[in-house]
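Residue-level listing of the chains:
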Amino acid sequence: MSASGDATSLRAQRPAGKQSVQQARPWWHWTKRLLKICFLALIAYLLFRQARSIEWDKVASAIYQRSVPALLAAAGLAAASHLLYACFDLMGKHLTGHRLPAKTVMGITFVCYAFNLNLGSVIGGVAMRYRLYSRFGLDSTVITRIAANSMLTNWSGYLLLAGLAFWWRPLPLPAEWKLDSGGLRLVGMAMVAAALAYVLLCAFAKQRDWTLRGHGITLPPWRLAVVQLLVSCINWLLMSGLVYLLLQRKIDFPTVVAVLLTAAIAGVITHVPAGLGVLEAVFIALLSQQVGRNELLAALILYRFLYYLAPLLLACVVYFVTEAKAKRRSEC
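Let us look at the structure shown here. (Residues numbered from 1 in each chain as written. Predicted model: local features only at pLDDT ≥ 70, side-chain atom pairs only at ≥ 80, totals over all residues. Heavy atoms only, no water.)

Here we look at the side chain of Asp 89
What counts, and what does not: To qualify as a helix, a DSSP run of H or I must reach at least 4 residues; to qualify as a strand, a run of E must reach at least 2; elements of each kind are numbered from the N terminus. Here, two residues are considered to be in contact whenever any of their heavy atoms come within 4.5 Å of each other.
Inspection of the secondary structure puts Asp 89 in helix H5 (residues 88–96). Beyond its immediate chain neighbours, meaning those up to four positions away, Asp 89 contacts Val 105, Thr 109, Arg 129, Tyr 133, Ile 146 and Ser 150.

As structure tokens, then:
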């Protein structure tokens, strides 16, 4: 997921005021850590309890029963999503005016996305971007603007699509989640409003440079903001279509979209690399009444292979090729 995928944390120094606040209130820092640990412990407990009831031989059998044409179609959607995401940094190229070839930019973005999905945003979204772009001569300011634009592209589209999904067809949530369909519909309305507010801000704001949590962000033109929303929504829909195919169309597509988007934000909150276990827990909690757990796990295992692991293997090859290309460029 970008799923899964790119809640990118940009490299920047914390403002002195923020550091002083943290030093003055150490209890808040530790409280947040404790809450995160408790949440992770809850996820681990739920996964352990679910794992004990899973018949893994039946999961394996469900995987083997998938037809080759269906798997090829799913692989095609995974490839299309990664290709589309590789275009995100082209918008950053347009904003910053750097002269790296589009092919090089797309290769770097693909590598960063694959590493981001599997190893987390610190390694993929931040370290890998700075490493590769700096090897081609871009300075940190330009790289930060590129990464910030990629982050805005991914999450502005998420806000719009998830907001529409929750507003239009709110999920029937488990009672223990303490949020009913009416509350989820209100959350969806707020998310749509936030996405539209972003476009309006890009259209009418006189101040174009902003600082958000210590990160410098430059607002794009409103037309580019609309493009960001569209390509991001399409990317999330491609990811959802992949899961929909792997579930053999047993769940209607809008529901799959809503559940995947819910799992994506849960993965961001927990900071678990690749959302490992979180994705499965959310799908089982929300869909196990409609599809058997074995079928769900079979689909999600295939999803992880097609969307996470296979692209990571290819990204490793692209990474070494890109490094060699950058080395030859520096020697010229």
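Details of the nonpolar core
Heads up, the condition is: What makes a nonpolar core is a set of buried Ala, Val, Leu, Ile, Met, Phe, Trp, Tyr and Cys residues whose side-chain atoms join them at distances within 4.5 Å. In this scheme, a residue with accessible area under 20% of its type's maximum is buried, one over 50% is exposed, and one in between is partly exposed, where area comes from a 1.4 Å probe on protein chains only.
Tyr 158, Leu 242, Leu 246, Phe 283, Tyr 303 and Tyr 307 are the most contacted members of the largest nonpolar core, which has 70 residues in total. The contact partners of Leu 246, leaving out residues within four places of it in the chain, are Arg 66, Leu 71, Ala 74, Ala 299, Leu 302, Tyr 303 and Leu 306. By size, the runner-up hydrophobic cluster in this structure holds 23 residues, among which are Phe 110, Val 126, Tyr 130 and Leu 312.

So, the packing of aromatic side chains
Going by this rule: Pairing of aromatic rings covers Phe, Tyr and the six-membered ring of Trp, with a centre-to-centre limit of 6.5 Å; geometry is then stacked below 30 degrees between planes, edge-to-face above 60, and tilted otherwise. Only when the NZ of Lys or the CZ of Arg is both within 6 Å of the ring centre and within 35 degrees of the ring normal is a charge said to sit over the ring.
Under the counting rule described, the total for this entry stands at twelve aromatic pairs. When the ring of Tyr 85 is compared with that of Tyr 113, the centres are 3.8 Å apart and the planes differ by 10°; the resulting orientation is stacked. Here Tyr 85, found in helix H4 (residues 68–85), pairs with Tyr 113, found in helix H6 (residues 102–119); they are 28 residues apart in sequence, far enough to count as distant. In terms of burial, Tyr 85 and Tyr 113 fall into one category: buried. With a centroid separation of 6.0 Å and an interplanar angle of 65°, the aromatic rings of Tyr 307 and Tyr 308 are classed as edge-to-face. Residue Tyr 308 is classed as buried on the basis of its relative accessible area of 2%. Aromatic ring contacts, followed pair by pair, group Tyr 85, Phe 88, Tyr 113, Tyr 303, Tyr 307 and Tyr 308 into a single cluster. Positioned over the ring face of Tyr 308 is Arg 304, at 5.2 Å from the centre of the ring.

What about unusual backbone geometry?
Positive phi outside glycine occurs at Gln 248, with the angle close to 60°. In this structure, Arg 249 is a non-glycine residue whose phi angle is positive, near 60°. Along the chain, Arg 249 falls in the loop between helix H10 (222–246) and helix H11 (253–270). For Arg 249, a relative accessible area of 56% translates into the label exposed.

Focus on the environment of Leu 314
Residue position: Leu 314 is located in helix H13 (residues 293–331). With 203 residues separating them in the primary sequence, Leu 314 and Val 111 have C-alpha atoms 8.4 Å apart.

Describing helix H9 (residues 181–204)
Cut-off, in case you're wondering: A helix's residues, less one, multiplied by 1.5 Å, set its expected span.
Compared with an ideal rise of 1.5 Å per residue, which puts 24 residues at 34 Å, H9 spans 34 Å between its outermost C-alpha atoms and is within 8% of the ideal. Next to the buried residues of H9 lie helix H8 (140–168) and H10.

A look at the pattern of salt bridges
Put simply, the rule reads: A pairing counts as a salt bridge when a side-chain nitrogen of Lys or Arg comes within 4 Å of a carboxyl oxygen of Asp or Glu.
Summed over the entire model, instances satisfying the criterion amount to seven salt bridges. Of the charged contacts in the structure, one is a salt bridge between Asp 89 and Arg 129, with a shortest N-O distance of 3.0 Å. Placement of the pair is Asp 89 in helix H5 and Arg 129 in helix H7 (residues 122–135), with a sequence separation of 40 residues. With respect to class, Asp 89 is no different from Arg 129; both count as buried. Here Glu 280 makes a salt bridge to Arg 304, at a shortest N to O gap of 2.6 Å. Linking Glu 280 in helix H12 (residues 278–287) with Arg 304 in helix H13, this pair joins segments that are 24 residues apart in sequence. Accessibility assignment for this pair places Glu 280 and Arg 304 in one class, buried.

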